[in-house]
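Chain residues, written in single-letter form:
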Amino acid sequence: MKKRGIGMASIFYGTGYGNGFPDVSSAVVEIHDDGSATVLTGAADCGQGSNTVLAQIAAEELGIPIEKITLISADTDCTPDAGTTAATRQTYTSGNAVKLAAAKAKKILLDFAAGVLAVNTIDGLDIKDGYVYVKTFPQKRISVAELASHARFKGNRLIGEASFTTHSTMVDPETGQGAPYYPYAFATQIAEVEVDTETGKVEVIRIVAAHDVGRAINKIAVEGQIQGGVAQGVGWALTEEVELKNGQIQNPSFTEYLIPTALDVPEVTPVIVETYEETGPYGAKGVGEPAMLPTMPAILNAIYNAVGVRITELPATPEKILKALKEKEQKNA
Amino acid sequence: MEMKKLSLTVNGKLIEREVPTNIRLLDFLRDYLHLTGTKEGCGEGECGACTVLLDGKPVNSCLVMAHSAHGREVITIEGIGTPDKLHPIQEAFLEAGAVQCGYCTPGMVLAAYALLKENPNPTREEIKVAISGNLCRCTGYNKIVDAVELAARKEGK
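Along each chain, numbering runs from 1 in the same order as the chain's sequence is written. Chains and ligands are labelled sequentially in the order written, the chains with letters from A and the ligands with numbers from 1. With pLDDT at 70 or above as the cut-off, local features in this predicted model cover only qualifying residues; side-chain atom pairs require 80 or more to be listed or tallied, and sums for whole chains, interfaces and linings still use all residues. To get the side-chain values, all heavy atoms of the structure are used, and hydrogens and water are removed first.

Within an unreviewed UniProt entry, the label attached to chain B reads (2Fe-2S)-binding protein, and the organism entered is Carboxydothermus islandicus.

Per an unreviewed UniProt entry, chain A goes by Nicotinate dehydrogenase medium molybdopterin subunit and derives from Carboxydothermus islandicus.

Asks: Provide a residue-level description of the environment of Leu-258 of chain A, including the pertinent values.
Replies: Residue and element names in this part refer to chain A. Strands here mean DSSP runs of E at least two residues long; helices mean DSSP runs of H or I at least four residues long; both are numbered from the N terminus. With respect to the helices, strands and loops of the structure, Leu-258 is situated in the loop between strand S12 (248-249) and strand S13 (267-273). For the pair Leu-258 and Glu-313, spaced 55 residues apart in the sequence, the C-alpha separation amounts to 17 Å. What makes two residues a contact is simply this: any of their non-hydrogen atoms within 4.5 Å. Residues contacting Leu-258, with those up to four places away along its chain left out, are Thr-239 and Glu-240.

Asks: Any details on the interface of chain A and chain B? Residues and values, ideally.
Replies: At the interface, 24 residues of chain A touch 23 residues of chain B. Two parts lose some accessible area (1.4 Å probe) when they are put together, and adding that loss for both gives the buried area. Between chain A and chain B the total buried area reaches about 2000 Å² when both faces are included, carbon and sulfur atoms providing 53% of it. Only one rule defines a salt bridge in this text: a Lys or Arg side-chain nitrogen within 4 Å of an Asp or Glu carboxyl oxygen. Connecting chain A to chain B are 4 salt bridges. Here the side of chain A that touches chain B takes 8 residues from helix H4 (residues 219-238) of chain A, the largest share from any one element.

Asks: So what's going on with the layout of surface pockets? Residues and values would help.
Replies: All names here are of chain A. If you add up the space inside the largest pocket, you get close to 660 Å³. Put simply, the grid is 1 Å and covers the protein atoms alone, a cavity is a trapped set of points that fit a 1.4 Å probe, a pocket is an open set with protein on both sides within 12 Å along at least five of seven lines, and lining residues have an atom within 4 Å of a point. Lining the largest pocket are 37 residues, with Gln-48, Gln-225, Val-287, Gly-288 and Glu-289 positioned closest to its centre. Broken down by element, the residue count for the lining of the largest pocket peaks at 7 residues, all from H4. As a working rule, the residues Ala, Val, Leu, Ile, Met, Phe, Trp, Tyr, Cys and Pro are called nonpolar, Asp, Glu, Lys and Arg charged, and the rest polar, with Gly in that last group. A class-by-class count of the residues in the lining of the largest pocket yields 15 nonpolar, 17 polar and 5 charged. Grid points are joined across faces, edges and corners, and a volume is the space filled by probe spheres set on the points.

Asks: An account of the packing of aromatic side chains is requested, with residue identities and associated values reported.
Replies: Residue and element names in this part refer to chain A. Each pair of aromatic rings taken from Phe, Tyr and Trp, with Trp reduced to its six-membered ring, is defined by centres within 6.5 Å and is described as stacked if the planes are under 30 degrees apart, edge-to-face if over 60, and tilted in the remaining cases. Using the criterion set out here, one finds 5 aromatic pairs over all chains in the structure. Between the aromatic rings of Tyr-92 and Phe-164, the centroid separation amounts to 5.8 Å while the plane-to-plane angle is 80°, which identifies the pairing as edge-to-face. Here the residue Tyr-92 occupies a position in helix H2 (residues 90-116), and Phe-164 occupies one in strand S8 (residues 159-165), the gap between them amounting to 72 residues. Note on accessibility: Tyr-92 and Phe-164 belong to one class, buried. Where Tyr-181 meets Tyr-184, the ring centres are 6.2 Å apart and the plane angle is 80°; that geometry is what we call edge-to-face. When a residue's accessible area, from a 1.4 Å probe over protein chains only, is under 20% of the maximum for its type it is buried; when over 50% it is exposed; and in between it is partly exposed.

Next up, the structure:
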């Protein structure tokens, strides 16, 4: 018989290295004579989209279109260190570093522009769509390209460099108590499954995944991170197990270590909950690791809801589910 | 190493080369023709990263000996579109956000290409079956299925 059930799980997750560990990203931003800008960042984009997100942040801060940004990342020949692409930290930590570096380069340009546009402080100036303008009199404006070349010929270098350190506190080594991370990400996922009581096979029908990511800098990328995380969570719950014997992995191939295929991953509905994180770049936190965390407990709860058995050892293979069903039957008999 | 003449069509061009008898089609494409869009993943036919079309059908090029493609027609990702002129499937992948690390993407695009040739209006389930031999660890497949649906709509116009 096929039985359906629904389960839910919620998590909170400390982003960044945490526990007082040095958590530093650096970045360099330079504005060029043609109104374009280069961003140098050590952040390695392994597909999660940090190149895009960091370019978006630089473009927003500088007030120029994203097409004008050249971003060079993870090149030890020229990019400053930005720590690892890990701990759900690049959007937050490197995002802040890029934003600070861009703000410094922008300030040099605005200091020069104040003289050209005859304002007495730069507080009255901003940049939008590639033009520096007077906030209270927007008709008075001059293009970034024109300003940048003039500024450079006067001996200015339109370069900003910055480091950002994510705040974290070491926990008490005796008690393990404290607040090791900042900021925290939150998520709730709901899974619907169908359990075949004859074969023990679990099919995940649907997952709704709500994630507090701070402000989503790139919505499609956030959705992709959530859907990809859920897929890994499905594998964690149902199929993936590293079998070790005397320190040797017994199943080092995709034939024996089963990761989900397109047929195993359900339709995932991401729900992006946009809080505004005061310390994040434009309010952003992170999404990478939290995406997979609630999936497994939500699926196990859904299995319990469907057939009344608690699976306490991963993965929840058909064998384990059949065994648990049998034990339940014997107990009830 | 025993050498033998291999003659086949790759991306519409007739190629003739003297190559060892023991190399795989994957090695021939990458190491001899420098068509490095075809990726090697597992090397044992499980992941689909090395998918190419052999006489129009998707195959794992790590499981095909180069010489068994003699006289046949191979299409790789380089034969589907170019950076200047993307194929509608590639455009759809970009639009839908179906690419993350990109390693599975050439194989996914070719699997989708073969599907849409045979079935221009596939259901989501048919798309999932067609790409089920191509593993992806980043995207959770949802946006890849979206992209193939989008490509079908684009090509249908």
